[in-house]
Each structure stands twice: as C-alpha cells, then as structure tokens.
Amino acid sequence: MNKLKLCIISAATLFTGLTSAWAQQPVQLTLDQALEVALSESNTVKIADMTVERSGYAKKGSYASLYPNISASGSYQRTLKKQVMVMDMGGNPMEIKVGRDNNINAGVSASMPLINAQLWQSLKLSALDVEMAVEQARSSKVSLISQVKQAFYGALLAQESLDLMQQVYDNAEKNYDRTLQRYNVGKASEQEMLRAQVNMMNAEPNVSSAENTVVLATWQLKALMGINLDTEVEVVGNLDDYAPEMLALNNPTNLGNNSALQQFDIQLKQLDATLKMQKAQYIPTLAANIGYNYMAMGDDELTWHPTSTAAVSLNIPIFDGFAKRNNIKQTRKAIDMMNLQKEDTERNLNIAAKNYTDKMALCLKNYAAAKSTVDLALKSYQISEKMYEIGKITLVDLNDAQLALTQSQLTMNQAVYDYMVAKASLDELLGKEE
C-alpha cells in the first residue's frame, strides 16, 4: 500500500509539473509516465478507491452492534380535562377526578447483546465485503494498465504508419521531380511523367488519413489517462524498441493472481459465512437492558421520583415453519453453483491464456520473417533507385520496389503491435499490476 501511495504521489507531481508545459508545447510522453498519470488521474481508479473507502466505513458501522446502544427520552403531558371516577359511598355516588395537570417523564436506557452468534458471523461478512472491494479495485487497476498500454502501442503504430506514409509521399515527390527533369530533357516519356505525378498525388491522401489516425489514437490514450483531450501529447519511442522483449518470449500462464478467480474465492467465503450465520439462527440469543427514569406529576408543584430497571432477555428459537432449514439448503446449493462457475471460468481462462501465448509466438515468427524481408526490400529499393536514375529500369519497377518495402515495414510494425497487445491482454488475464 505504501508503494502504491508513493507511485500516486510521484504521478501527481509529474502531472502537476507537466501541466504548464502542456499549455505551451506537446509533451513527450513515455509509457511509464502514461501509466503513472493514469493511475493518479483516471476516474476509474478514483471510483475504485472510493468504493474501498466506502466498504471500510460499512465495516466499521457493522461493529457498532457490539457496543451498548444508549438513548435518552423525555415526554411532557398536560391534562386538559381530568378523568372522573364515580364511586358508591354508603349508597351515595361520589365523583373523584383522577390524574394531575402536569406529567413529565425523562430517562436513559442502554442495551447490548451478550450472546448473539448470528451477529458475530455477520461481522465476518462485513470484513469480506471490504476484501471484495479491494480485489475489485485491483481488478480495475489491472484493467486500466492493460488499456493504457494497448492505447500507447496503438499510438506508436499510428505514428510509425504516418512516418511510413510520409516517407512514401516524399519518395513519390522526389521521383516525380526526377522524372519531370528527365522529361524536360527528352529522356522520359510523357506517360512516365504523368504516372509519377499520379503516384505522388495518390500518396497524399494516405498521409492525411494516417494523420487523422494518429489524432484519434492519441485522444484514446488521453481519455484513458484521465487528462484533458485538448492537451497536446506526443508518444515517445517506437515499436521496434520492444523487439528485445519479444525475443525473450518468457510468459508463464499462472492464473493464481487472476482477479476473476480471486473474486470467486471471496464470494465462496461470503457464502460460507452466510451459511454459518444461518446456522447460528438456531442458537439462543441473550441481551442486557438497563434503564433509569425520572417521573414527575403534579398540579402546581412537581414531585420527582426516580425509577431504575435492569433486565436480561433470553430468546430461544423453537419453530419458524422450516424457514431457516430451507435458507440453509438454498445457500448450500449456491455454493455448489459457485464452485461449478469457478471451474468453468478457470477452464475458459486457461483457453484464453493459451490463445494469447500462441498468438504471441505467431507474432514473433511474423516479426522475424518481416524483419528479414525489410532488409532485403530496403536493399532492393536502393538498388532500384540508382538503376532508375541511370535509366536501367522503368518507374513501374521502382514503384514496385517502394511498395514491397512499405508493405514489409508495415507488416513488421504490425507484428510488434499485435505481440505487445496480446502480451498486455495476457498480463491482465494473469492479474499483473505492472
């Protein structure tokens, strides 16, 4: 918990320090900084923390049942018309007014349970409610970390795609200028010059589309971080920086920290505590009560008289129409159902983990193949560019080399992105908080 507090404090300091810079120029944002800001500024985390705090208050409130319940009361009664009693006195009726004009009653009473097994079990349920809230908060944090990572990788992919589209456009513009010069001196045909111009014009919309993708990806990242969407942010790094992590390929699939399974365990504990609480209803309860009162009655002058009582009450359950027995049977069935649901969930989680690891292995193979292809395609394009300058190949051949290079670079970036997204999803599945 102390580590979490330090992380939040450092993130808040970072966020405050960057606020003024954000107003002036785009902030260079790393993945670690994005995670720190998200964990301190995201409403998801704030709501989860408030839920834990609220459950803590509820737990403290439930312990109030163990303390004496003390209350004070008071009443005043003014008799407007006294009651008349008629009595036979020697054969003659006699009327007697009963009561006093003023009646005052004030007192203090206290009560507390001495033996109440059902109450004690309910206190365990309150503690489990707090435990469930803490686990749900952890689940929200793990999910947010995964979402921020995937959004950050998406922003990197969009930025690198934009760089590639811009590079394609720059090359197309350079080829057009080169072809136009050759056309002006009669070394290139008009068709070849027009084709170069068309290629350049076709590349321009791809740049605009890639720019829009970058904006949308960055907005999604800022929304997850919980910062203003108008804040200018630029992600730092590139997807190839994560290649060493890909090549390590060491991803255990231990589901011990999976939040869904952890919550199933807590729910089973809650049902077990509920079952014990229901069984405790067969146990007699014992409570103590103490009262101290002052009473005063009179017309003109009041005379106060104190009274006090102390009592012990015993409640022994005998018969309730089999309600307790049926409730116990119902809870036992709920426990059996919960165990079956947990078993199915664990089975499905294992399938999902296997799917993620297989996808990561496939992405690794695609990356290795694409990287080799990029090296070859780059060398091929450089050779084709020189051959086009001396007129050994046509513009179509140069464009084919450019297309092959672009496709191989996009494939390599996509392989890294798919791997890191699958890894982030696997980490979320395994309940990793980093």
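In the block above lies the structure referred to throughout.
Residues numbered from 1 in each chain as written. Predicted model: local features only at pLDDT ≥ 70, side-chain atom pairs only at ≥ 80, totals over all residues. Heavy atoms only, no water.

### Topic: the pairing of strand 4 (residues 92–98)
In regular strands, side chains alternate between the two faces of the sheet.
Here is step 1: For strand 4, a buried count of zero out of seven residues is recorded, marking the element as mostly open to its surroundings.
Here is step 2: Here strand 3 (residues 83–89) folds back onto strand 4 in antiparallel fashion, the turn holding two residues, of which G90 has a positive phi close to 65 degrees. (Buried < 20%, exposed > 50% of the residue type's maximum accessible area, 1.4 Å probe, protein only. Helix = DSSP H or I, 4+ residues; strand = E, 2+ residues; numbered from the N terminus. Pairing = 2+ DSSP bridges.)

### Details of the pattern of salt bridges
Here is step 1: On inspection of all chains with the given rule, the structure shows 15 salt bridges.
Here is step 2: Across the salt bridge formed by K141 and E433, the nearest N and O atoms sit 3.6 Å from each other. Of the two residues, K141 sits in helix 4 (residues 117–184) while E433 sits in the segment after helix 9 (395–430), which places them 292 residues apart along the sequence.
Here is step 3: Taking relative accessible area as the criterion, K141 reaches 16% and is therefore assigned buried.
Here is step 4: What you see here is one network of salt bridges that share partners, running through E135, R138, K141 and E433. (Salt bridge = Lys/Arg side-chain N within 4 Å of Asp/Glu carboxyl O.)

### Quick look at helix 3 (residues 43–62)
Here is step 1: For helix 3, built from 20 residues, the straight-helix expectation of 28 Å at 1.5 Å per residue is met to within 8% by its first-to-last C-alpha distance of 28 Å.
Here is step 2: When helix 3 is considered as a whole, its buried residues turn out to be V45, A48, S55 and S62. One face of helix 3 carries all of its buried residues, which in axial projection span an arc of 105 degrees. When the buried face of helix 3 is taken as reference, the exposed residues oriented beyond 90 degrees from it are N43, I47, M50, R54, Y57 and K60. (Expected span 1.5 Å × (residues − 1). Arc of directions from axis to C-beta.)

### Thoughts on the sheet that holds strand 8 (residues 303–315)
Here is step 1: Taken together, the four strands give an open sheet; going across it, the order is 2-5-7-8, and neighbouring strands pair in antiparallel fashion. Taken across any chain shown, the strands that pair with only one partner, and hence form the sheet edges, are strand 2 (69–78) and strand 8. Across the sheet, the mean angle separating the axes of adjacent strands is 15 degrees when strand polarity is ignored.
Here is step 2: Across 10 bridges, the pairing between strand 2 and strand 5 (residues 102–115) is antiparallel. Bridge assignment links I70 to a residue of strand 5, and that residue is A110. (Axes fitted to C-alpha atoms, helices over the stretch in contact; angles between N-to-C directions.)

### Things to note about a positive patch on the surface
Here is step 1: Residues K279, R325, K329 and R332 make up a contiguous surface patch of positive charge.
Here is step 2: Per-element tally for the positive patch: the top contributor is helix 8 (residues 323–389), with three residues.
Here is step 3: With respect to the helices and strands, the residue K279 is situated in helix 7 (residues 259–279).
Here is step 4: Taking relative accessible area as the criterion, K279 reaches 38% and is therefore assigned partly exposed. (Patch = residues over 30% accessible without salt bridge, like charges linked within 9 Å, V, L, I, M, F, W, Y side chains within 5 Å. Areas by Shrake-Rupley, 256 points an atom, 1.4 Å probe, with all protein chains shown as cover. Lys, Arg positive; Asp, Glu negative; His and termini not counted. Charge placed at Lys NZ, Arg CZ, Asp CG, Glu CD.)

### Focus on the environment of Q382
Here is step 1: The topology assignment puts Q382 in helix 8.
Here is step 2: The exposure class of Q382 is partly exposed, given its relative accessible area of 41%.
Here is step 3: Here the alpha-carbon distance between Q382 and A401, two residues 19 residues apart in the chain, equals 8.7 Å.

### Some details on the packing of aromatic side chains
Here is step 1: Throughout the structure, instances matching the rule amount to four aromatic pairs.
Here is step 2: Pairing Y294 with W304 gives two aromatic rings, centres 6.3 Å apart and planes at 75 degrees, and the pair type is edge-to-face. Note that Y294 is positioned in strand 7 (residues 285–298) and W304 in strand 8, a separation of 10 residues in sequence.
Here is step 3: Among the residues examined, Y294 registers a relative accessible area of 34% and is labelled partly exposed.
Here is step 4: Note that R182 overlies the ring of Y388, its terminal NZ or CZ placed 5.0 Å from the centroid.
Here is step 5: Here the guanidinium or amino end of K324 rests over the ring plane of Y282, the centre of that ring lying 5.3 Å away. (Phe/Tyr/Trp six-rings, centres within 6.5 Å; stacked < 30°, edge-to-face > 60°. Lys NZ or Arg CZ within 6 Å of the ring centre and 35° of its normal.)

### Here's the deal with a nonpolar patch on the surface
Here is step 1: Residues Y63, L66, Y67, L114, I115, W120 and V312 make up a contiguous nonpolar surface patch of about 680 Å² in total accessible area.
Here is step 2: By the secondary structure assignment, W120 is in helix 4.
Here is step 3: Here W120 falls in the partly exposed class, since its relative accessible area comes to 42%.

### Considering the nonpolar core
Here is step 1: Core analysis: the largest hydrophobic core is formed by 70 residues, its most contacted members being V148, F152, L221, M225, Y242, Y367 and V416.
Here is step 2: Of all the secondary structure elements, the ones that give two or more residues to this core are helix 2 (31–41), helix 4, helix 5 (190–225), strand 6 (233–235), helix 6 (243–248), helix 8 and helix 9.
Here is step 3: In terms of residues, this core owes the most to one element, helix 4, which gives 17 residues.
Here is step 4: Contact partners of L221, with chain neighbours within four places excluded, come to L29, V148, A151, F152 and V235.
Here is step 5: With seven residues, the next largest nonpolar core counts F264, L275, I328 and M338 among its residues. (Core = buried A, V, L, I, M, F, W, Y, C linked by side-chain atoms within 4.5 Å. Contact = heavy atoms within 4.5 Å.)

### What to know about the side chain of Q402
Here is step 1: With respect to the helices, strands and loops of the structure, Q402 is situated in helix 9.
Here is step 2: Ignoring any residue separated from it by four or fewer positions in sequence, one finds Q402 in contact with V168, N171 and Y381.

### Considerations on the environment of G431
Here is step 1: Residue placement: G431 occurs in the segment after helix 9.
Here is step 2: Among the residues examined, G431 registers a relative accessible area of 7% and is labelled buried.
Here is step 3: With 130 residues separating them in the primary sequence, G431 and E301 have C-alpha atoms 77 Å apart.
Here is step 4: Not counting residues up to four positions away in its chain, the partners in contact with G431 are R138, V142, N257 and N258.

### Focus on helix 5
Here is step 1: The terminal C-alpha atoms of helix 5, which comprises 36 residues, lie 53 Å apart, in line with the 52 Å expected from a rise of 1.5 Å per residue.
Here is step 2: Directly beyond the C-terminal end of helix 5, a positive phi value near 80 degrees is found at G226.

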